[in-house]
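Examining the three-dimensional arrangement
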Amino acid sequence: MRLREFFRRMTNMKRTMKRRTFVRTVAASGALALLPPVLRSETEKTITSNQKEYTQMAFEWKFNPRPYSDEEAKKLLAPVVDAETTDWHYNTHHKGYVTALNNIEKALETADRSGANGNYSQIGELKRRTTWNHGGTLLHDIYWDVLGGDGDPNKGPEVKAAIEKEFGSFDAWKADFKATAISAKLSGWGVLTFDQLYSHRLLNVLVDEHHYGAIWGGIPLIPVDVFEHAYYHKDGPKRALYIDNFIANLHWGRINARYKKYAK
Ligand SMILES: [Fe+2]
């Protein structure tokens, strides 16, 4: 293509495209150096300002605090997990999902959509890992929130009544919840879920990894993490023992508040 024709096309493209789309297209094509000086200077300025804009615009996923300090966690959660696990699980594993989610968010800003296909592509892998890390981040937030109590369901009267109505009795719920969580893969969750969007029932949902098996529009109320990192350091292969201790440590006041917030 002759240079004059190239410049004419770039100028037309700038007129017809939205400013950001034009800048992205030029930057992605590597054609910046070929632009006429006036257009290049303006475009360089816009790219710089857009990079700042992206930085400001990129959604930041939060590493949320727990309802107790790291030191308090060691005592409050002692019947469920050992002191090291309260730290590793939160400050390494949970934080790792948040960090990955933010890295993915940034990578999605410039990912090449044109190479998408059903086998392997950059955009496909970024999208795939988004749901994994989104699930990991959200479920861990709630996991920490529901722990640290005395296990007395009478402190959550509304959610206790809903459980009894759905499952027949609290013990029947507990047996089903435990069986659900024991049956998840070695990396998975058992989740008492309020099916807000569809049936308005309470369901014990088996989730492999962080997302396979989750239901659309379901509000997680009690998620028990059965990834081996959650319990192996203290209980080894005794997953059932860990789940018993988890249920006995639930904070039904916070669970009840969460249930009432969504079950209107
Ligand atoms: Fe975990």
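As shown above, the structure is provided for reference.
The sections below set out a description of the structure shown in this document. Each residue is numbered by its place in its chain's sequence as written, counting from 1. With the structure being a predicted model, the display of local features is reserved for residues of pLDDT at least 70 and the display and counting of side-chain atom pairs for 80 or more, all residues being used for whole-chain, interface and lining totals.

1. Brief notes about the overall build of the chain
- Here a strand is any run of E in DSSP of at least two residues, a helix any run of H or I of at least four, and the numbering for each starts at the N terminus. A count of helical and extended segments in the chain gives 11 helices and 3 strands.
- Counting from the amino terminus, the chain carries its helices and strands in the arrangement α-α-α-α-α-α-α-α-β-β-β-α-α-α.
- Split into buried and exposed, the 264 residues of the chain put 27% on the buried side. Counts of 20 or more other C-beta atoms within 10 Å of a residue's own C-beta define buried residues, counts of 12 or fewer define exposed ones, and intermediate counts define partly exposed ones; C-beta atoms are placed from the backbone.

2. Some details on the sheet that holds strand E1 (residues 188-195)
- Taken in spatial order, the 3 strands line up as E2-E1-E3 in an open sheet, and their pairing is antiparallel. In this open sheet, the two edge strands, each paired with only one partner strand, are strand E2 (202-208) and strand E3 (218-225). Within the sheet, the average angular offset between the axes of one strand and its neighbour, ignoring direction, is 30°.
- Here, strands pair whenever DSSP counts at least two bridges between them. Examined bridge by bridge, E1 and E3 share 7 bridges and lie antiparallel to one another. In the sheet register, Val-191 faces E3, and the bridge partner there is Pro-223. To get an axis, fit a line to the C-alpha atoms, keeping to the stretch in contact for a helix; angles then go from 0 to 180 degrees between the N-to-C directions.

3. Points about the packing of helix H5 (residues 83-110) against helix H9 (residues 228-235)
- Packing of H5 against H9 leaves a shortest axis separation of 9 Å and a crossing angle of 160°. Classified by the angle their axes make, H5 and H9 are roughly antiparallel. Crossing geometry of H5 relative to H9 is assigned as right-handed. Contacts between H5 and H9 involve Glu-84, Thr-85, His-89 and His-93 from the first element and His-229, Ala-230, His-233 and Lys-234 from the second.
- Residue polarity is assigned by list, with Asp, Glu, Lys and Arg as charged and Ala, Val, Leu, Ile, Met, Phe, Trp, Tyr, Cys and Pro as nonpolar; anything else, Gly included, falls into the polar class. Considering only residue class, the contact of H5 with H9 consists of 1 nonpolar, 5 polar and 2 charged. Here the word oblique covers every angle except those under 35 degrees (roughly parallel), over 145 (roughly antiparallel) and from 65 to 115 (roughly perpendicular). Each crossing gets its hand from how the near helix is turned against the far one by less than a right angle, where anticlockwise is left-handed and clockwise is right-handed. Contact between two residues is assigned whenever their backbone-derived C-beta positions fall within 7 Å.

4. Digging into the packing of helix H7 (residues 157-167) against helix H11 (residues 252-262)
- Between H7 and H11, whose axes approach to 7 Å, the crossing angle comes to 75°. Here H11 runs roughly perpendicular to H7, going by the angle between their axes. Facing Pro-157, Glu-158, Val-159 and Ala-162 of H7, the residues of H11 in contact are Ile-255, Asn-256, Tyr-259 and Lys-260.
- The residue makeup of the contact of H7 with H11, split by class, is 5 nonpolar, 1 polar and 2 charged.

5. Focus: the pairing of E2
- Burial analysis of E2 places 5 of its 7 residues in the buried class, the great majority of the element.
- In this structure, the hairpin formed by E1 and E2 is closed by a connection of 6 residues, where His-200 is found at a positive phi of approximately 60°.

6. Digging into H11
- What H11 keeps buried is the set Trp-252, Ile-255, Arg-258 and Tyr-259. The buried residues of H11 occupy an angular sector of 120° when the element is viewed end-on, so they sit on one face.
- Elements in contact with the buried residues of H11: helix H6 (122-146), H7, E1 and E3. This arc is built from the directions going out from the helix axis to the C-beta atoms.

7. Re the environment of Leu-250
- With respect to the helices and strands, the residue Leu-250 is situated in the loop between helix H10 (239-248) and H11.
- Residues Leu-250 and Leu-147 lie 103 residues apart in sequence; the distance between their C-alpha atoms is 4.8 Å.
- Setting aside residues no more than four positions away along its own chain, Leu-250 makes contact with Val-146, Leu-147, Gly-149, Gly-151, Ile-222 and Ile-255.

8. Details of the nonpolar core
- Residues Ile-222 and Ile-255 are the most contacted members of the largest nonpolar core, which totals 39 residues.
- Counting residues per element, this core draws most heavily on H6, at 5 residues.
- Three or more residues apiece are contributed to this core by two domains, here domain 2 (70-146) and domain 3 (153-262).
- Look past the residues within four positions of Ile-222 in its chain and what remains in contact with it is Val-146, Val-191, Leu-192, Leu-250 and Ile-255. One nonpolar core equals one set of buried Ala, Val, Leu, Ile, Met, Phe, Trp, Tyr and Cys residues connected by C-beta atoms within 7 Å. Residue ranges for the domains trace back to a domain assignment, done automatically or taken from a database.

9. Let's talk about unusual backbone geometry
- In the Ramachandran plot, His-200 falls in the positive-phi region, its phi being about 60° despite a non-glycine side chain.
- Within the secondary structure, His-200 is located in the loop between E1 and E2.
- The backbone of Glu-209 sits at a positive phi, close to 55°, despite the residue not being glycine.
- Note on placement: Glu-209 falls in the loop between E2 and E3.
- Given 17 C-beta atoms within 10 Å, Glu-209 falls into the partly exposed group.

10. Points about the environment of Leu-202
- Structurally, the position occupied by Leu-202 is in strand E2.
- Accessibility expressed as a C-beta count within 10 Å gives 23 for Leu-202, which makes it buried.
- If near-sequence neighbours (up to four positions away) are discounted, Leu-202 is found in contact with Ala-162, Ile-163, Glu-166, Leu-192 and Phe-194.

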